[in-house]
Amino acid sequence: PVIATGSLADCIALLVRLSPKKKGKNLPWIIEVKTPEEIEKMRAAGRVAREVLDCAGRAIRPGITTDEIDNIVHAESLKRGAYPSPLNYHGFPKSCCTSVNEVICHGIPDDRKLEEGDVVNLDITCYLNGYHGDCSEMFVAGDEESALDPEGRKLLQTTYDCWVKAMEFVQPGNDYKDIGAIIEDHVVAQGFSTVRNFCGHGIGDVFHTNPNIYHYRQQEPNGQMAVGHTFTIEPMICEGTAKSLSWPDEWTATTQDGKRSAQFEHTLLITPDGVEALTGKLPTSPIHFWEKESDVHKGVWVGTSKAARERATELNANLSSST
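Predicted, not measured: the structure shown is a model, and the values here were computed from it.

Participant: An account of a nonpolar patch on the surface is needed here, citing residue identities and associated values.
Facilitator: On the surface, a nonpolar cluster with roughly 290 Å² of combined accessible area is contributed by L27, W29 and I30. For I30, the position within the fold is in the loop between α1 (8-18) and α2 (36-58).

Structure, rendered in structure tokens:
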């Protein structure tokens, strides 16, 4: 055991020095605490990921191929001095994941043209100055109001709302294991299911690390939230069964029954007074119906800390005046 003595600053410095810095098989409750310098790099990587997501998302429409979207992601990442983290990650062949309709996650961009009413999860991770920023969002090919059927609209709204509920729970001292029950309870009440095969994760100079963030009720002791932790929450919610099929490409996961799936994701930072989305929306970001019509949080969500709440108020005021 380590006994910390001295000032609070000395104790925090000691915790930072003792926290794991490299990828390894650490116990699931051992979670890296980022230094202020690392947090600034995470902020920069997160902003780039958001900018790239917004650029590529604007291109989603009927007739475009996901390969063309991938080309945009690749070019926009390089333009900002970043590298698209998925490219060559354990052999992944593209710069982003495009998961369409029944694809739960890790869809590989290809030459299929999107059709009116397709729902698309666009998952972006950018590696900048040694750190990763990871986010994903849903898009509709065509007009959200006319192209999307009521069932699809409910799926996207429910997925967004459970995600925001889970993020609102994040604060120092809470247990990571309790996130999943918040998500599962919300979606099951709406007639949907939550995927168990994939989870959120810690992130920093390593793409995937502790803690694992499960999106269903469970009791695994995977750590307690603390200031300086960075991680993702990214629930995958399905219209029918949450059981998945793996394609021969060894990446693409789809629902077993062919029904649709949806997902949202932020890279999050725990602060002394709550949580901030390092991949949060910008004044130039598009706003969607699920943000406007949410019963959990009206408008853009960027965190619960005082600074994040103030930023959200400003963002939402600007967005309201521009619509």
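Structure shown, so let's carry the discussion forward.
Participant: An account of the sheet that holds strand β11 (residues 244-246) is needed here, citing residue identities and associated values.
Facilitator: Spatially, the three strands line up as an open sheet ordered β3-β12-β11, and their pairing is antiparallel. The open sheet terminates on both sides in strands that have one partner only, identified here as β3 (103-105) and β11. Between one strand axis and the next, the sheet turns through 40 degrees on average, direction left out of account.

Participant: Explain the environment of E184 to me, using residue names and the numbers behind them.
Facilitator: For E184, the location among the structural elements is in helix α6 (residues 179-189). C-alpha of E184 to C-alpha of Y216: the two residues are 32 residues apart in sequence and 5.1 Å apart in space. Leave out the neighbours within four places in its chain, and E184 touches T194, R196, H215, Y216 and R217.

Participant: Which residues make up the sheet that holds strand β6 (residues 193-194), and what values go with them?
Facilitator: Pairing in this open sheet of three strands is antiparallel, and the strands run β6-β10-β13 from one edge to the other. Only two strands of the sheet have a single partner each, and these edge strands are β6 and β13 (261-263). Bridge count between strand β10 (residues 236-238) and β13: three bridges; the pairing is antiparallel. Among the inter-strand pairings, M236 is bridged to a residue of β13, identified as Q263.

Participant: How would you summarise the environment of E168 if you had to cite specific residues and measurements?
Facilitator: Among the secondary structure elements, E168 is positioned in helix α5 (residues 150-168). Taking the C-alpha atoms as reference, E168 lies 10.0 Å from E276; in sequence the two are 108 residues apart. A polar contact of 2.6 Å, which involves the side chain of E168, links it to the side chain of W301.

Participant: Got a sec to walk through the side chain of T230? Specific residues and values, please.
Facilitator: Here T230 shows up in strand β9 (residues 230-233). A relative accessible area of 2% means that T230 is categorised as buried. There is a polar contact of 2.7 Å between the side chain of T230 and the side chain of K34. Separated by 2.6 Å, the side chain of T230 and the backbone oxygen of I203 make a polar contact. Those residues in contact with T230, other than ones at most four positions away along the chain, are K34, M42, G202, I203, L268, L269 and L278.

Participant: Before we move on, can you summarise unusual backbone geometry with the specific residues and values?
Facilitator: In this chain, N210 is followed by P211 through a cis amide linkage whose omega measures 0 degrees. Along the polypeptide, P211 turns up in strand β8 (residues 209-213). Residue N129 is not a glycine yet carries a positive backbone phi of 50 degrees. Note on placement: N129 falls in the loop between β4 (119-128) and β5 (131-140).

Participant: Explain the pairing of strand β15 (residues 274-277) residue by residue, including any values.
Facilitator: Where strand β14 (residues 266-271) and β15 come together, four bridges link them in antiparallel fashion. Considered in β15, the bridge of L269 is made with E276.

Participant: Report on the pattern of salt bridges, specifying residues and quantitative values.
Facilitator: Within the structure shown, the criterion is met by 22 salt bridges. Ionic pairing is found between E137 and K281, a salt bridge with its closest N-O pair at 3.2 Å. Within this pair, whereas E137 is found in strand β5, its partner K281 is found in the loop between β15 and α7 (289-292), the two being separated by 144 residues in sequence. Accessibility assignment for this pair places E137 and K281 in one class, buried. The network of salt bridges with shared partners includes R47, E51, E76, K79 and R80.

Participant: Mind laying out helix α3 (residues 66-79), listing which residues take part and the relevant values?
Facilitator: In this model α3 runs 20 Å from its N-terminal to its C-terminal C-alpha over 14 residues, within 8% of the 20 Å that 1.5 Å per residue would give. Taken as a whole, α3 has its buried residues at T66, I69, D70, V73, E76 and S77. One side of α3 carries all its buried residues, which in axial view fall inside an arc of 135 degrees. Facing away from the buried surface of α3 by more than 90 degrees, the exposed residues are N71 and K79.

Rules behind the numbers
- Residues numbered from 1 in each chain as written.
- Predicted model: local features only at pLDDT ≥ 70, side-chain atom pairs only at ≥ 80, totals over all residues.
- Heavy atoms only, no water.
- Patch = residues over 30% accessible without salt bridge, like charges linked within 9 Å, V, L, I, M, F, W, Y side chains within 5 Å.
- Areas by Shrake-Rupley, 256 points an atom, 1.4 Å probe, with all protein chains shown as cover.
- Salt bridge = Lys/Arg side-chain N within 4 Å of Asp/Glu carboxyl O.
- Helix = DSSP H or I, 4+ residues; strand = E, 2+ residues; numbered from the N terminus.
- Pairing = 2+ DSSP bridges.
- Axes fitted to C-alpha atoms, helices over the stretch in contact; angles between N-to-C directions.
- Contact = heavy atoms within 4.5 Å.
- Polar contact = N/O pair within 3.5 Å; in protein donor to acceptor, adjacent residues only side chain to side chain.
- Buried < 20%, exposed > 50% of the residue type's maximum accessible area, 1.4 Å probe, protein only.
- Expected span 1.5 Å × (residues − 1).
- Arc of directions from axis to C-beta.

Scope: geometric values only; no functional claims are made or implied.
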